[in-house]
Structure formats: C-alpha cells, structure tokens
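Summary of the model geometry
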Amino acid sequence: MRAYLNTINNPWGMFDDWMTDFPFEFLNTAWRARSGQYPRVNVWESEKGLIVEAEVAGVDPNKLEVSVDANVLTLKGEKEQGKAARAEFQRSFNLPFELDNENIKATTKNGVLTITIPRKAGTVEKRKIAIEKL
Amino acid sequence: MNLMKRNEQDVQKVDRVEVTPVTRVDESDDAFTLTVEMPGVDEKDIALSLEHRTLSVTAQNTVERYKDYTLAITEIPEVRYHASFELPERINTAGIKAANRNGLLILTLPKCEEVKPRRIEITAG
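Presented here is a report on the structure given in the accompanying data block. (Residues numbered from 1 in each chain as written. Chains lettered and ligands numbered in written order. Predicted model: local features only at pLDDT ≥ 70, side-chain atom pairs only at ≥ 80, totals over all residues.)

Some remarks on the overall build of chain A
Helices and strands together make up the secondary structure of chain A, namely 3 helices and 7 strands. In chain A, which comprises 134 residues, the share counted as buried stands at 22%. Within chain A, counting contacts between residues at least 6 apart in sequence, those at least 24 apart form 37% of the total. (Helix = DSSP H or I, 4+ residues; strand = E, 2+ residues; numbered from the N terminus. Buried ≥ 20, exposed ≤ 12 C-beta atoms within 10 Å, placed from the backbone. Contact = placed C-beta atoms within 7 Å.)

In structure tokens, the structure reads:
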C-alpha cells in the first residue's frame, strides 16, 4: 500500500527503486570482461596476501602498467590489433587490506600476468575486543 | 557407458568447455598472418594439424592453482581452444610457420608464387 501511495506522489518512484537496485555496475563489469575490453582475472586470497592473475594475450609486457595507489590496484595496458589498430584497457581493484608496497611482484608468462601482493606485516591478526560490563 | 576406465586426463578433457579463440587475419604481399589469442596456453599444450586444406588448432590453457589460497574472483575458466581454418588454394601449405608469443599463436601462411604481385617489365618492341 505504501508503495502504491508513493507512486501517486512520485509516478517514477517504483522505477527509481528498480533502477537503484539493478546491478548495473556488476553487469557492466561482467560484460566488459566477457567481451574482452577488460582483462579477465582470477584473484586468490590468503593470510599472506593476494595473487592476481590477468589474461593479457597480445599485450607487450613493456606496455603493461601495474600501479598501486593507497589500496587501489590498477592494471593498464595497450593491446595491439594489427598494424593500425590498438586497444587500451584499464581495470582497478579495491584491495581489502593494507599492502606491502615494497614487495609487490609482477611476472608474465604465456599472456598471463601474475601479480603477488603481500599484506603489510602486522595487519593480519584479527583482534578480539573485550566487552566490558558496566 | 564405461566411466570407470577413463584415466584422469580424459576426465579433465571431458570437463573442459570448448571455446573458439579470438582470431585475426592480416594480409601482406607475400603472406597471410593468422593471430590466435590463447592466454595461459603453454607451447607444449598446442596441437596444430593440417589435413588436406584444413588447418586445425587445438590447445588447452593452464589455470594456476595456489596452495593455502582461496579464490576470491573467478573469471578465467579452464577451457579447450579449438579452431579450424579452410585454407584457400593460393596458400603454399608447405611453408606454414607457427610462433608462440605473449599468449598469441602466430601462424604465417605464405602465398603461392603465382599469386604474389610482381612487376612486369615492358620491353621496347
């Protein structure tokens, strides 16, 4: 009933709700990964850190850029497509922990880029918080 | 149905989805170049065969697994790549060359001598 009343006040209300809930961002990412505009990735996680693997076939390793800003990891590159055409891509990830900037390693093999990102030492342990009785 | 006798490798082959790799064809004066995108494929996992005028490429990728790690995002499946190309008469099948670089399989298909552009000299007569 409330939804109906809202519809009277704002005829587009239901549509707005639908638009807000619709996972546009997710679908967009999934579609771009499928269509090859994004490199596809596998991300492995553990207490030690993360391993990110990205498919970068046809990308010259010299034109591949991996950068870290705060806790955002960005992959950037340029794919050759014949003599005249080239395609640029960029993909960023929010990382769920503080990283050890010094020890990030990246290697390529057979068109797969592997990035090893260790956690910053001392950020691993979960801390239990004691609840005090008043 | 004789499922029990299959060895591990066979089972893995059955489980993999077959996909057609992204392919591009470029032409130059003396050859066609087929570029097949197959990331994660090791050279030893590529099988190339030529039967009459059909060139087939079959390969499978290796998706690395890490001990003690769990997968957070999975977008790369284990697949079997398969593509076959019908080569036209003007390709010299004996001279086909293949190279593997950066996850790309690059096939050079030279043209027959008769179809290559050539200059015809004009003689004064």
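Looking at the overall build of chain B
The secondary structure content of chain B amounts to 1 helix and 9 strands. Reading chain B from its N terminus to its C terminus gives the helix and strand order α-β-β-β-β-β-β-β-β-β. Looking at the 125 residues of chain B, the share that counts as buried comes to 18%. Here the analysis covers contacts within chain B between residues at least 6 apart in sequence; of these, 54% occur between residues at least 24 apart.

A few points about the environment of I96(B)
Residue and element names in this part refer to chain B. Secondary-structure assignment places I96 in the loop between β7 (79–86) and β8 (97–101). In this structure the C-alpha to C-alpha distance between I96 and L109, which are 13 residues apart in sequence, comes to 4.9 Å. Contact partners of I96, with chain neighbours within four places excluded, come to L50, L107, T108 and L109.

Quick word on the nonpolar core
L50(A), V52(A), A54(A), V36(B), M38(B) and L105(B) are the most contacted members of the largest nonpolar core, which has 28 residues in total. For this core, the elements supplying multiple residues, two or more each, are β1 (41–45), β2 (49–55), β4 (72–81) and β7 (112–118) of chain A together with β3 (31–37), β5 (54–60) and β9 (104–110) of chain B. Leave out the neighbours within four places in its chain, and A54(A) touches P39(A), V41(A), L75(A) and L113(A). (Core = buried A, V, L, I, M, F, W, Y, C linked by C-beta atoms within 7 Å.)

Remarks on the environment of K97(B)
Inspection of the secondary structure assignment puts K97(B) in strand β8. In sequence terms K97(B) and T108(B) are 11 residues apart; their C-alpha atoms lie 5.1 Å from each other.

Here we look at the interface of chain B and chain A
In this complex, chain B contributes 24 residues to the contact, which on the side of chain A involves 21 residues. Secondary-structure elements contributing two or more residues to the side of chain B that touches chain A are β2 (23–27) and β6 (70–74) of chain B. Take the side of chain B that touches chain A: its biggest share by element is 5 residues, from β6(B). Its residues assigned to classes, the side of chain B that touches chain A shows 12 nonpolar, 5 polar and 7 charged. Inspection of the sheet shows β1(A) paired to β6(B) by 4 bridges, in the antiparallel sense. Among the inter-strand pairings, V43(A) is bridged to a residue of β6(B), identified as I73(B). (Nonpolar A, V, L, I, M, F, W, Y, C, P; charged D, E, K, R; others polar. Pairing = 2+ DSSP bridges.)

Focus: the pairing of strand β3 (residues 65–69) of chain A
Residue and element names in this part refer to chain A. Burial runs low along β3: only 0 of the 5 residues are buried. In the sheet, β3 pairs with β4 via 5 bridges, with the strands oriented antiparallel. If you follow E65 over to β4, its bridge partner there is K76. Linking β3 back to β4 in an antiparallel pair, the connection comprises 2 residues, with A70 at a positive phi of about 55 degrees.

Considering the sheet that holds strand β4 (residues 46–51) of chain B
Residues and elements named next belong to chain B. Pairing is mixed across the open sheet formed by 4 strands, whose spatial order is β1-β7-β5-β4. Of all strands in the sheet, those with a lone pairing partner are β1 (17–19) and β4, marking the two edges. Across the sheet, the mean angle separating the axes of adjacent strands is 20 degrees when strand polarity is ignored. Bridge count for β5 against β7 is 7 bridges, and the pairing is antiparallel. (Axes fitted to C-alpha atoms, helices over the stretch in contact; angles between N-to-C directions.)

Focus: the sheet that holds β6(B)
One key point about sheets: their strands pair by backbone hydrogen bonds, in either a parallel or an antiparallel sense. Taking strand neighbours across the sheet as the criterion, the 5 strands line up as β6(A)-β7(A)-β2(A)-β1(A)-β6(B) in an open arrangement whose pairing is antiparallel. In this open sheet, the two edge strands, each paired with only one partner strand, are β6 (105–109) of chain A together with β6 of chain B. Looking at each pair of strands side by side, their axes are set apart by 15 degrees on average, direction ignored. Both β1(A) and β2(A) contribute to a ladder of 5 bridges, which runs antiparallel. Of the residues in β2(A), the one forming a bridge with V43(A) is V52(A).

Interpretation in functional terms is not warranted from these geometric data alone.
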